[in-house]
Amino acid sequence: MRRRFAMSSLDRAFFDVRDKEDRWVRVHVKKGDLMTLPEGIYHRFTTDETDMIHAMRLFVGQPVWTPFNRPCEDHPSRKKFVTEFVEEKKE
């Protein structure tokens, strides 16, 4: 799990995440916002017109950040995400 916290009054940016239909959903984050992303979700990040961000990235456990480009459906983090959030649950 990754968390990002925007810290400065000028900080504004966008996080784009993929929905279940693989479409991008854009989330505008600004000072004081906390964004939590589950492990294995496809996402991207960009600043807005201010072109500035001062953010704190928080990790569960040892801080490790390694990008995995698509497709990576066989990666353990992606498999975990698909199982927990994408696949239909059978009751």
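We now turn to the structure provided with this report. Bear in mind the structure is a predicted one, so any value in this text is a computation, not a measurement. (Residues numbered from 1 in each chain as written. Predicted model: local features only at pLDDT ≥ 70, side-chain atom pairs only at ≥ 80, totals over all residues. Heavy atoms only, no water.)

## Quick look at the packing of aromatic side chains
Under the criterion given, the structure shown has two aromatic pairs. Judged by centre distance (4.9 Å) and plane angle (55 degrees), the ring pair of Phe15 and Phe45 falls under tilted. Here Phe15, found in strand S2 (residues 12–18), pairs with Phe45, found in strand S5 (residues 43–47); they are 30 residues apart in sequence, far enough to count as distant. A relative accessible area of 41% places Phe45 in the partly exposed class. Both rings, one in Phe81 and one in Phe85, keep their centres 5.2 Å apart while their planes meet at 35 degrees; by these two values the pair is tilted. Pair noted here: Phe81 and Phe85 are both in helix H1 (residues 76–86), with a separation of four residues, about one helical turn. A relative accessible area of 41% means that Phe85 is categorised as partly exposed. Above the face of the Trp24 ring, Arg44 is positioned so that its terminal group lies 3.9 Å from the ring centre. Against the face of Tyr42 rests Arg70, its NZ or CZ located 4.2 Å from the ring centre. (Phe/Tyr/Trp six-rings, centres within 6.5 Å; stacked < 30°, edge-to-face > 60°. Helix = DSSP H or I, 4+ residues; strand = E, 2+ residues; numbered from the N terminus. Buried < 20%, exposed > 50% of the residue type's maximum accessible area, 1.4 Å probe, protein only. Lys NZ or Arg CZ within 6 Å of the ring centre and 35° of its normal.)

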